[in-house]
Amino acid sequence: MTLSPAASAAEILARIDTTSPGCSVKDSFGTLDLSGAGFDVLFEAEWIHRPPGPAPRHPDTDRTGVRWDVVRDADALAAWAAAWSGASGTGGAGGGPFRPELLGDGRTFVLRGRDGDRVVAGAVASRSAQAVGLSNVFAADGGSGAAWAGALGAVSERWPGLPVVGYESGEDLAAAVAHGCLPVGPLRVWLATDR
């Protein structure tokens, strides 16, 4: 991962094992061109930031009756992961990257939006002393606007003095911006493919 916009491709490539399968580089500033070194762009996104304070209300959130809380046990995490995989189109079983050990990390919070007992939305919040990172925001019905409103509301209730940060693209970027997040710069992830 680059930590400076001045980092060069040669400097980055000299510090990593480019022969390892799955070798990737998170270009935090979107300034590198690694295509000549056998890398392809895996995805591009935009960093986002929302200042501390109450999240803007969203009309759909007020009408739906969706309640947001933190996942606390492995069974609830499995239900959350199933809803996430259906919404994200991954269709994976077994929780995918969301293992029960995640629940023991005191800085990571799996947030769920429930309608009755059914998980209809969710997100992952990673808290530090300076900010809350928000990722994996989803809505089981595919409408990300209400999911962003609910997730940002849940974060602002739990950590009202912390800004929210993350990165998004496409529809999720538009939904995040519509709910008070500001785009603050590009991000690019490169994957070694010529191996």
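Before going into details, it helps to say that this report is about the structure given with it. This one's a predicted model, so the numbers in the text were calculated from it and none came from an experiment.

Calculation criteria
Residues numbered from 1 in each chain as written. Predicted model: local features only at pLDDT ≥ 70, side-chain atom pairs only at ≥ 80, totals over all residues. Heavy atoms only, no water. Helix = DSSP H or I, 4+ residues; strand = E, 2+ residues; numbered from the N terminus. Buried < 20%, exposed > 50% of the residue type's maximum accessible area, 1.4 Å probe, protein only. Contact = heavy atoms within 4.5 Å. Areas by Shrake-Rupley, 256 points an atom, 1.4 Å probe, with all protein chains shown as cover. Expected span 1.5 Å × (residues − 1). Pairing = 2+ DSSP bridges. Axes fitted to C-alpha atoms, helices over the stretch in contact; angles between N-to-C directions. Phe/Tyr/Trp six-rings, centres within 6.5 Å; stacked < 30°, edge-to-face > 60°. Core = buried A, V, L, I, M, F, W, Y, C linked by side-chain atoms within 4.5 Å. Polar contact = N/O pair within 3.5 Å; in protein donor to acceptor, adjacent residues only side chain to side chain.

Helices and strands together make up the secondary structure of the protein chain, namely five helices and eight strands. Looking at the protein chain as a whole, 42% of its 195 residues are labelled buried. Summarising the internal contacts of the protein chain: among those between residues at least 6 apart in sequence, 72% fall at separations of at least 24. Summing over all exposed atoms, the protein chain offers an accessible surface of approximately 10000 Å²; the carbon and sulfur share of this is 54%.

Look at helix α4 (residues 144-158): 21 Å from first C-alpha to last across 15 residues, which is about the 21 Å you get at 1.5 Å a residue. Those residues of α4 that sit buried are S144, G145, A147, W148, A149, G150, A151, L152, G153, A154, V155 and S156.

Right, let's talk about the pairing of strand β4 (residues 108-115) for a bit. For β4, the buried fraction is high: seven of the eight residues fall into the buried class. The pairing of β4 with strand β5 (residues 118-127) spans eight bridges and is antiparallel. Bridged to G113 within β5 is A121. Hairpin connection from β4 to β5: two residues lie between these consecutive antiparallel strands, with G116 at a positive phi of about 70°.

Moving on: the sheet that holds β4. Strands sit in the order β1-β8-β2-β7-β6-β5-β4-β3 across an open sheet of eight strands; the sheet is mixed. Strands at the two margins of the open sheet, each flanked by one partner only, are β1 (24-27) and β3 (67-70). Strand-to-strand twist in this sheet, taken as the mean axis angle between neighbours without regard to direction, amounts to 25°. In this sheet, strand β8 (residues 182-192) lies alongside strand β2 (residues 39-50) in antiparallel orientation, the contact comprising ten bridges.

Okay, the packing of aromatic side chains next. Summed over all chains, the structure comprises six aromatic pairs. On the basis of an interplanar angle of 80° and a centroid distance of 5.3 Å, the ring pair of W80 and F138 is categorised as edge-to-face. Taken together, the residues W80 in helix α3 (residues 74-88) and F138 in strand β6 (residues 132-139) connect sequence positions 58 residues apart. As far as burial versus exposure is concerned, W80 and F138 are alike and both buried.

Attention shifts here to the environment of A178. With respect to the helices, strands and loops of the structure, A178 is situated in helix α5 (residues 170-178). Judged by its relative accessible area of 59%, A178 falls in the exposed class. As a C-alpha pair, A178 and G145 span 33 residues in sequence and 7.9 Å in three-dimensional space.

Within the largest apolar cluster, 26 residues are counted, with the highest numbers of intra-cluster contacts made by L111, A125, L134, W148, L152, V155 and W159. In terms of residue count, α4 provides more of this core than any other element does, six residues in total. For A125, the residues in contact, after removing those within four places along its chain, are R107, T108, F109, L111, V132, G133, L134, V155 and W159. Listed in part, the twelve residues of the second largest apolar core include A81, F98, V110 and F138.

Mapped onto the elements of the fold, D69 is located in strand β3. Reaching out from D69, the side chain makes a polar contact with the side chain of R114 at a distance of 3.0 Å.

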